[in-house]
Amino acid sequence: MNALTFKDFATDQEVRWCPGCGDYAILKSVQRALADDGADPANTVFVSGIGCSSRLPYYIETYGFHTIHGRAPAFATGVKLANPELDVWVVTGDGDGLSIGGNHLLHALRRNINLNVLLFNNEIYGLTKGQYSPTSRPGTNSPSSPAGSVESPIAPGRFALGAGATFFARCVDIDQKGMPGLFNAAKDHPGTAFVEILQNCIVYNKDVFDDVVAKKNAPDNQILVQHGKPLLYGKENDKGLMLNTKTLQLEPVVLGTDGVSLNDIQVHDETNPTLAQILVDMGPGAPTAMGVIHRRTAPVFDQQFWGIRPKARKQQVNSLLRTGNLLDRR
Amino acid sequence: MRASLFGQKIKVKQPLGTKTSHVVRFAGDSGDGIQLQGQQFTVASALAGHDLATLPDFPAEIRAPAGTRYGVSAFQIQFGGERITTPGDAPDVLIAFNPAALVVNLDTLAPHSLVVVDESAFSAQRLKRADLASNPLDDGTLDHHEVVRIDISHMTIEAVKPHGLGTKDSLRCKNFWALGLVLWMFDQPREPTQTWIKSKFGNNEQVRDANLTALDAGHAYGETAELSHILDQERIPEAPLDAVEYRTITGAESLALGLVAAGELADTELMFCSYPITPASSLLHNLVGLEDAGVATFQAEDEIAAVCAAIGSSYAGKLGVTSSSGPGIALKAEAIGLGVATELPLIVVNSQRAGPSTGMPTKTEQSDLYQAVYGRNGDTPLPVVATRSPADCFDAAIEAVRIALRHMTPVILLTDGYIANASELWPLPDLETYPDIETRRPTTEDSGSVFQRNPATLARLWAAPGDERFVHRIGGIEKDIDSGNISYDAANHQSMTNLRTGKIASVADFIDPQTIDQGHTSGLAVVAWGSTYGTIFKAVKDALIAGLNVAHIHIRHISPLPPNLAELLADFDTVLIPELNNGQLATLIRDRLCIPVQQLNKVTGQPLTVTEVRAAIELYATRQEQSAG
Ligand SMILES: Cc1ncc(C[n+]2csc(CCOP(=O)(O)OP(=O)(O)O)c2C)c(N)n1
Ligand code: SF4
Ligand SMILES: [Mg+2]
């Protein structure tokens, strides 16, 4: 069989997102990731909840299950436990995964079941026409918050790491070069791999990530973290993050200023959960971390699950019935 | 005549009589090992060749303060040398370990019952804890019963002394002492209990031997010493049983076995996904012990996750089963609708309990029939099957799985708290005699769409990931009737709704016709479902003996109803529907068959009694000779 190309992973269904929606680029990157990895469509399952993002499985030529709002991780858990040989992906949104489905995501991460979770974070409920979501910034104007939302948002990375995630990565929807590799890193991770994708909903939350994503802002406001490498960024790669041991924060510094040298820059250790906690939400003035922020090995639930129980039927019911105290009248 | 026992005067017990069955109730604190005592007595009764039915009655609190009325745990068994279908309306023997256990059970006792009490438990302090101003042993409360006072605690301590346990541990043996006595009273074997003690306490010789000694001591007390001139030993005739093997079985055990049996018949593995809730958890606990028989159990984070994981498992090719009680089933409703829309097999077991809301978790009710039949958004029909007794759960589970796999649909299986915990004597089935369960798994020749249908069952193919011929997507959005792709087309939605309705209607083409369980073909039909079976069976049996023109028709298939039911009922003058709810089957029968029905409804959290059903039958039934004229 000839190797499949990314086009082979497209279905015959018309893609129905708004023109210009960030979801298109993500779809393409997923298809490309599958092709790059030589994925077997028969052994790949995309499970999603409800939302614009959750339509993705209809467009990928693998097995797919578009389920109900918020519950995709639970369905995916059933799929994976029933057949651990399958590659199981979960596609969800900020509303689907973090409001109605927060509980299931929490437990998938806690168990560390081998799923690849793609969370499309557009900081808004797209499909229901633009209400604020649990990741919306305070002051978000929306049909349900005309005076600006007053709730404090959850950072998906904080949520994931708090739940014990063993893999957390972040990317942006326009990074068509980086996404496929990152998705395959998620796929290769044994355990629950969680990827937050900053996604532009051009209809209801247009350019909300511009400060990070726009071409002119990206170099100074994004940092691509790499394991074992100093945390450097900036157009000239002359900016870095230095650990302030008093505040336990990573502070942006400039090499060569105030006596800062390369030795002062924090080196990324993706296996360190504490460093990851700092990196996922560095606050104003600091860049947004992209790439594999956290990755460590831990027991994997589906392996543990089948490790402690028989994989197939060994006992016949007729003999099971005939154990214990029997009254034999034959 | 009065005889002396430990310095007190007690009446000489008249023989329990010439009865062919007895109702014995054990009652004490939850810490007294009452349930264990009852279970061991049940096994002994079965091995003695008696038919039987049991009913545990636990307090709602896990460890209520000792000696309180609300902390009383009880276990009731009816056993005898005839067909037994209920645990009995009224005990004729009560074994009470403390004052609270005595007083809370007094009202239920048959007249002139035998009451055996642990006398040492009737101290002033413990009377107070049971809210008693005077001692019921002395104040005339028990004048209409035969009372045997035994210092069970003291006798137990004395008996187990050689084993060198402390007082507290010695006292823990008193349930076996009392059990030994009761086994002697009814001439039942000690061996099963001895075997149980040996295996349970195998690694603690001291405790093992003390319990064995206590059991023997209680037995010897009845036999040799002090009781033989007060109590006559009762030898009940053996029941007229068939020439097969029997065992005792609870509903939860039988349902678990039925599910794995169905898996075996369908040659499919099961994935059981649930979240704990009373009284459904016992099914999970039983299935955990059957994991080498083709089932894996997954404890999910909530009821919703449980049903979703079960559906995910069915999608991946292993039959998903989920189980809960009313509140949890409510949470599952949306996902069950997805199961209907995507046409995946799924078993949803509801162990009903008293509602609404949290209601009375440990008390039984049949009030989730509407929820099962109607409780989803949209026109979302699914088959509903009900089990009638502990042993029947086995066949009911197989039937539910057979329907789910034949038609590719979720099926709701209704049982209840009473059935889950009760036990009965079960003639062991031979699985070899059951027809295989056919599935819609693609054969090696199949190809094309998973939405190609069997014309008789309207079931689509059950193709699972891993099969390269059937790579496909499904979901909750309405699908095109041919391709399965998303469709918002108006006419298509009509067609799909018709298809879903027709598919569930077609279940009726495959189920056995409704039969009359017993009785006549005209007059009064007592139509019922679920756990009222045993009680109604007995009430109708008695009414038939009394010459009433009555029949018992017990329905397994709640939805769709058996196709011949209307015809069957047309010959009766009156239809009476007794239910442990406010009239839910009654509504369904009126709606689906357009016939008038009479109701008998009870929602006290307790099962119907034979007396209650019998009274209702008297109200509506005619004498046989009248109707014949
Ligand atoms: C049980 C239930 N409640 C509410 C909805 C309505 N609903 C559908 S999608 C959605 C929010 C989706 O937001 P998000 O997950 O962020 O996805 P997006 O559309 O932004 O990609 C809501 C509230 C539903 N489909 N089901
Ligand atoms: S509403 Fe927003 S998220 Fe949804 S398809 Fe349109 S642009 Fe994309
Ligand atoms: Mg969103």
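Reading the values: the criteria
- Residues numbered from 1 in each chain as written.
- Chains lettered and ligands numbered in written order.
- Predicted model: local features only at pLDDT ≥ 70, side-chain atom pairs only at ≥ 80, totals over all residues.
- Heavy atoms only, no water.
- Helix = DSSP H or I, 4+ residues; strand = E, 2+ residues; numbered from the N terminus.
- Rg over C-alpha atoms; globule rule 2.2 N^0.38 Å.
- Buried < 20%, exposed > 50% of the residue type's maximum accessible area, 1.4 Å probe, protein only.
- Contact = heavy atoms within 4.5 Å.
- Areas by Shrake-Rupley, 256 points an atom, 1.4 Å probe, with all protein chains shown as cover.
- Lys, Arg positive; Asp, Glu negative; His and termini not counted.
- Charge placed at Lys NZ, Arg CZ, Asp CG, Glu CD.
- Donors = N, O, S within 2.8 Å, 3.2 Å for Na, K, Ca; no water.
- Buried area = accessible area lost by both parts, 1.4 Å probe.
- Salt bridge = Lys/Arg side-chain N within 4 Å of Asp/Glu carboxyl O.
- Near = heavy atom within 4 Å.
- Nonpolar A, V, L, I, M, F, W, Y, C, P; charged D, E, K, R; others polar.
- Core = buried A, V, L, I, M, F, W, Y, C linked by side-chain atoms within 4.5 Å.
- Domains from an automatic or database assignment.
- Expected span 1.5 Å × (residues − 1).
- Polar contact = N/O pair within 3.5 Å; in protein donor to acceptor, adjacent residues only side chain to side chain.
- Axes fitted to C-alpha atoms, helices over the stretch in contact; angles between N-to-C directions.
- Parallel < 35°, antiparallel > 145°, perpendicular 65-115°, else oblique.
- Left-handed = near helix turned anticlockwise from the far one by under 90°.
- pLDDT = per-residue confidence, 0-100.
- Phe/Tyr/Trp six-rings, centres within 6.5 Å; stacked < 30°, edge-to-face > 60°.

### Here's the deal with the overall build of chain B
Then, in step 1: In terms of helices and strands, chain B carries 21 helices and 23 strands.
Then, in step 2: Relative to the 2.2 N^0.38 estimate, which gives 25 Å for 629 residues, the radius of gyration of chain B is 27 Å and therefore close to what a compact globule would have.
Then, in step 3: When the 629 residues of chain B are sorted by exposure, 62% land in the buried category.
Then, in step 4: A separation threshold of at least 6 residues defines the contact pool for chain B, and within that pool the share at least 24 residues apart is 75%.
Then, in step 5: Accessible surface, chain B: about 22,900 Å² in total, of which carbon and sulfur atoms supply 50%.
Then, in step 6: Side-chain charges in chain B split into 48 positive and 74 negative, and the spacing between the mean points of these groups amounts to 5 Å.

### Thoughts on the coordination of the magnesium ion (ligand 3)
Then, in step 1: Taken together, Asp94(A) (OD), Asn122(A) (OD1) and Ile124(A) (O) make up the protein donors of the magnesium ion (ligand 3), found 2.1 Å from the metal.
Then, in step 2: Within one chain, the residues donating to the magnesium ion (ligand 3) are spaced in sequence as D-x27-N-x1-I.

### Brief notes about the interface of chain A and chain B
Then, in step 1: Chain A puts 57 residues into the contact, and the matching count from chain B is 73 residues.
Then, in step 2: Around 5,400 Å² of area is buried between chain A and chain B when both sides are counted, 58% of it from carbon and sulfur atoms.
Then, in step 3: In terms of surface lost to chain B, no three residues of chain A exceed Tyr63(A), Arg313(A) and Arg329(A), which account for 15% of the buried area on that side.
Then, in step 4: Taken together, the connections running from chain A to chain B amount to six salt bridges.

### A look at the site of ligand 2
Then, in step 1: If you check the shell around ligand 2, you find Trp17(A), Cys18(A), Cys21(A), Cys52(A), Asn122(A), Gln199(A), Cys201(A), Ile202(A) and Tyr204(A) and nothing else.
Then, in step 2: Of the residues assigned to the shell around ligand 2, the class counts are seven nonpolar, two polar and no charged.

### As for the nonpolar core
Then, in step 1: Counting 109 residues, the largest nonpolar core has Leu279(A), Val527(B), Ile558(B), Leu565(B), Leu569(B), Leu585(B) and Ile589(B) as the members making the most contacts within it.
Then, in step 2: Looking at which domains feed residues into this core, each of domain 2 (247-433) and domain 3 (518-620) of chain B gives three or more.
Then, in step 3: Listed in part, the 53 residues of the second largest apolar core include Leu283(B), Ile347(B), Cys393(B) and Ile511(B).

### Points about helix H14 (residues 392-407) of chain B
Residues and elements named next belong to chain B.
Then, in step 1: End to end, H14 covers 23 Å across 16 residues, agreeing with the expected 22 Å (1.5 Å per residue, within 8%).
Then, in step 2: The buried count for H14 comes to 15 of 16 residues, which makes it a mostly enclosed element.
Then, in step 3: After H14 finishes, the residue Met408 shows a positive phi value of roughly 55°.

### What to know about the domain arrangement of chain B
All names here are of chain B.
Then, in step 1: One can read the domain layout of chain B as domain 1 (3-228), domain 2 (247-433) and domain 3 (518-620).
Then, in step 2: At the boundary of domain 1 with domain 3, total buried surface from both sides reaches about 620 Å², with 50% on carbon and sulfur atoms.
Then, in step 3: It is Arg83, Thr85 and Asp89 in domain 1 that bury the most area against domain 3; as a group they hold 67% of the surface buried on that side.
Then, in step 4: Here domain 1 is connected to domain 3 by zero salt bridges.
Then, in step 5: Taken together, the links from domain 1 to domain 3 amount to three residue pairs in polar contact (both at pLDDT 80 or more).
Then, in step 6: A per-class count over the side of domain 1 that touches domain 3 returns one nonpolar, two polar and two charged.

### A few points about the site of ligand 1
Then, in step 1: Taken together, 17 residues lie near ligand 1, and Cys52(A), Ser53(A), Asp94(A), Asp96(A) and Gly126(A) sit nearest.
Then, in step 2: Residues near ligand 1 are shared among chains A and B, making this a multi-chain site.
Then, in step 3: Measuring from an oxygen atom of ligand 1, one finds a backbone N or O atom of Asp96(A) at 2.6 Å.
Then, in step 4: Within the complex, 77% of the 600 Å² of free accessible area of ligand 1 lies under protein.
Then, in step 5: Put simply, the parts of the chain that give the shell around ligand 1 at least two residues each are helix H3 (94-100) and strand E5 (124-125) of chain A.
Then, in step 6: Sorting elements by how many residues they give to the shell around ligand 1 places H3(A) first, with four residues.

### Concerning the packing of helix H6 (residues 174-185) of chain B against helix H8 (residues 205-223) of chain B
Residue and element names in this part refer to chain B.
Then, in step 1: Two elements in contact, H6 and H8, have axes separated by 6 Å at closest approach and are oriented at 40°. Compared by their axis directions, H6 and H8 come out oblique. Between H6 and H8 lies a crossing whose hand is right-handed. Taken together, the residues of H8 that come into contact with H6 (itself represented by Phe176, Trp177, Leu179, Gly180, Leu181, Leu183 and Trp184) are Asn211, Ala214, Leu215, Ala217, Gly218, His219, Tyr221, Gly222 and Glu223.
Then, in step 2: Split into classes, the residues belonging to the contact of H6 with H8 amount to ten nonpolar, five polar and one charged.

### Here's the deal with the side chain of Ser325(B)
All names here are of chain B.
Then, in step 1: Examined against the element boundaries, Ser325 turns out to sit in the loop between strand E12 (319-324) and helix H12 (326-342).
Then, in step 2: With a relative accessible area of 0%, Ser325 lands in the buried category.
Then, in step 3: In terms of polar contacts, Ser325 uses its side chain to reach the backbone carbonyl oxygen of Ser351, at 2.7 Å.
Then, in step 4: Once you skip the residues sitting within four places of it in the chain, Ser325 turns out to touch Ile277, Thr278, Pro279, Ala280, Asn350, Ser351, Gln352 and Arg353.

### Focus on the confidence of the model for chain B
Residues and elements named next belong to chain B.
Then, in step 1: Chain-level statistics for chain B give a pLDDT mean of 93 and a share of 95% at 70 or above.
Then, in step 2: Note on residues 1-15: pLDDT is under 50 here. Beyond four places in sequence and across chains, it has 37 contacts.
Then, in step 3: Both scores are given for the predicted complex: the pTM is 0.96, the ipTM 0.98.

### A closer look at the packing of helix H4 (residues 152-160) of chain B against H8(B)
Residue and element names in this part refer to chain B.
Then, in step 1: Where H4 meets H8, the closest approach of the two axes is 9 Å, and the angle between their N-to-C directions is 125°. Relative to H8, H4 is oriented oblique. Seen from above, H4 lies across H8 with right-handed handedness. Here Met155, Thr156, Ala159 and Val160 of H4 lie close against H8, whose contacting residues are Ala210, Thr213, Ala214, Ala217 and Tyr221.
Then, in step 2: A per-class count over the contact of H4 with H8 returns seven nonpolar, two polar and no charged.

### Quick notes on the packing of aromatic side chains
Then, in step 1: For the structure shown, the criterion picks out 21 aromatic pairs over all chains.
Then, in step 2: Judged by centre distance (6.2 Å) and plane angle (55°), the ring pair of Tyr370(B) and Tyr374(B) falls under tilted. Remark: Tyr374(B) and Tyr370(B) occur in helix H13 (residues 369-374); sequence separation between them is four residues, near one turn of the helix.
Then, in step 3: Residue classification places Tyr374(B) among the partly exposed residues on the basis of a relative accessible area of 41%.
Then, in step 4: Judged by centre distance (6.1 Å) and plane angle (90°), the ring pair of Phe394(B) and Tyr434(B) falls under edge-to-face. One end of the pair, Phe394(B), is in helix H14; the other, Tyr434(B), is in the loop between strand E16 (423-427) and strand E17 (473-475), and 40 residues separate them in sequence. The burial state of Phe394(B) is the same as that of Tyr434(B); both residues are buried.
Then, in step 5: Put simply, the rings of Tyr63(A), Phe65(A), Phe75(A) and Tyr315(B) pair up and form one aromatic cluster.

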